[in-house]
Amino acid sequence: MDERSSRFRVYRVVEAVPHVNLFDTDGTRLYTTYQQGYGERQPAIDGLETGDLIEGTVAGDPTDEEEAWTLREFDRVGSVDMGFATDVELPEIARETWDEQTSGPAHSVIEADGQPVGECWVQPRAPLPGGSFVPSVLAGLLPMEPKLTTVASADAPTTDAVFLDPDPVDAASFSQPYGVLLLFSERADESRTRYRERFDCPRGVDSRPDYDPYELSSGGFGP
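Residues numbered from 1 in each chain as written. Predicted model: local features only at pLDDT ≥ 70, side-chain atom pairs only at ≥ 80, totals over all residues. Heavy atoms only, no water.

How should the nonpolar core be read in this particular structure?
General note: in soluble globular proteins, nonpolar side chains tend to be found buried as a group. Met 144, Ala 161 and Phe 163 are the most contacted members of the largest nonpolar core, which totals 26 residues. Counting only elements with at least two residues in this core, the list comes to β6 (81-86), α3 (134-138), β10 (156-165) and β11 (178-185). Ranked by size, the runner-up nonpolar core spans 21 residues in total, among them Leu 90, Val 180, Tyr 195 and Phe 199. (Core = buried A, V, L, I, M, F, W, Y, C linked by side-chain atoms within 4.5 Å. Buried < 20%, exposed > 50% of the residue type's maximum accessible area, 1.4 Å probe, protein only. Helix = DSSP H or I, 4+ residues; strand = E, 2+ residues; numbered from the N terminus.)

Explain the pairing of β10 to me, please; I cannot follow it from the model alone.
Looking down a regular strand, the side chains alternate between one sheet face and the other. Among the 10 residues that make up β10, nine are buried, leaving the element largely enclosed by the rest of the structure. With six bridges connecting them, β6 and β10 associate as parallel partners. Opposite Met 82, over in β10, you have Ala 161 as the bridge partner. Sheet topology note: the strand β9 (residues 150-151)/β10 ladder contains two bridges and is antiparallel. Residue Thr 150 lies in a different strand from β10, and its bridge partner there is Pro 157. Two successive antiparallel strands, β9 and β10, enclose a turn made up of four residues, where Asp 155 displays a positive phi of approximately 50°. (Pairing = 2+ DSSP bridges.)

What should I look at first to understand the pattern of salt bridges in this one?
A pair can form between side chains of opposite charge whenever their charged atoms are brought close. Considering all chains together, one arrives at 15 salt bridges under this definition. The partner of Arg 7 in a salt bridge is Glu 55, with the nearest N and O atoms 2.9 Å apart. Separated by 48 residues along the polypeptide, Arg 7 in strand β1 (residues 2-11) and Glu 55 in strand β4 (residues 52-60) bring together distant segments of the chain. On the basis of relative accessibility, which here comes to 35%, the residue Arg 7 falls in the partly exposed class. The class of Glu 55 is partly exposed, set by a relative accessible area of 36%. A salt bridge links Asp 189 to Arg 192; its shortest N-O distance comes to 3.1 Å. (Salt bridge = Lys/Arg side-chain N within 4 Å of Asp/Glu carboxyl O.)

Just checking my understanding: could you explain the side chain of Gln 42 for this structure?
As for its position among the elements, Gln 42 is in helix α1 (residues 42-46). With a relative accessible area of 11%, Gln 42 lands in the buried category. If near-sequence neighbours (up to four positions away) are discounted, Gln 42 is found in contact with Gln 35, Gln 36 and Gly 37. (Contact = heavy atoms within 4.5 Å.)

What is the right way to read the sheet that holds strand β2 (residues 19-24) from this model?
Strand pairing in a sheet relies on backbone hydrogen bonds, with the paired strands running either antiparallel or parallel. As summarised here, the arrangement of the five strands in space is β3-β2-β1-β4-β5, forming an open sheet in which the pairing is antiparallel. Two strands lie at the open edges of the sheet, namely β3 (30-34) and β5 (70-79), each paired on one side alone. Each adjacent strand pair in this sheet contributes to an overall mean axis angle of 40°, direction not counted. Bridging between β1 and β4 involves eight bridges; their strand directions are antiparallel. (Axes fitted to C-alpha atoms, helices over the stretch in contact; angles between N-to-C directions.)

And the structure:
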């Protein structure tokens with residue numbers, strides 16, 4: 001039995017998946033941990049939300065790929081409020097960003113009163129498992145921890161991340177070859193509210209889509 005103590009980003013996946021994925025922000029490894037079976041600690045586990053940042057210890061057998069790890073102990077040290085919207089019309093800033101990019105992920109700056117308050121990122125589907133954008137995010141398969149830490153253009157901590165997919169999660173084909181990530185800092189209050197209202201994913205609400213990933217085809221934020 002091995003143990004690993006680190007800072008982890010929480011990805012709760014969806015209700016159909018009986019595990020919580022933890023992305024090791026130092027070792028850049030994804031740990032799949034049990035969601036149940038914690039006894040008196042179960043309420044604390046149940047309280048974890050996608051986007052939470054925790055300091056904790058996981059224990060498990062690194063040679064057994066079929067067995068999940070156990071979250072031994074943890075303290076919540078931060079959080080990014082994540083919102084999800086699928087089968088939506090993408091904002092103009094995303095379409096313009098995609099049209100102007102030449103390769104890989106690209107972004108545009110979101111401004112308010114002439115000041116940078118957020119960023120709009122476009123992520124090609126090509127390197128993602130089955131081309132699925134939001135499911136890949138929910139599973140923690142996109143290495144984007146720096147983006148969830150700081151909105152670089154605004155030189156401010158990231159408070160919100162909104163993930164947009166123009167197609168439903170169970171789409172057999174895609175209308176657009178990319179997904180969208182909107183990042184906001186605390187200074188983006190009005191812009192953040194406007195986008196979240198537009199895509200019906202208010203802060204503090206679990207907006208993960210209801211789907212069973214085991215029924216989807218499954219190959220991860222680009223470099």
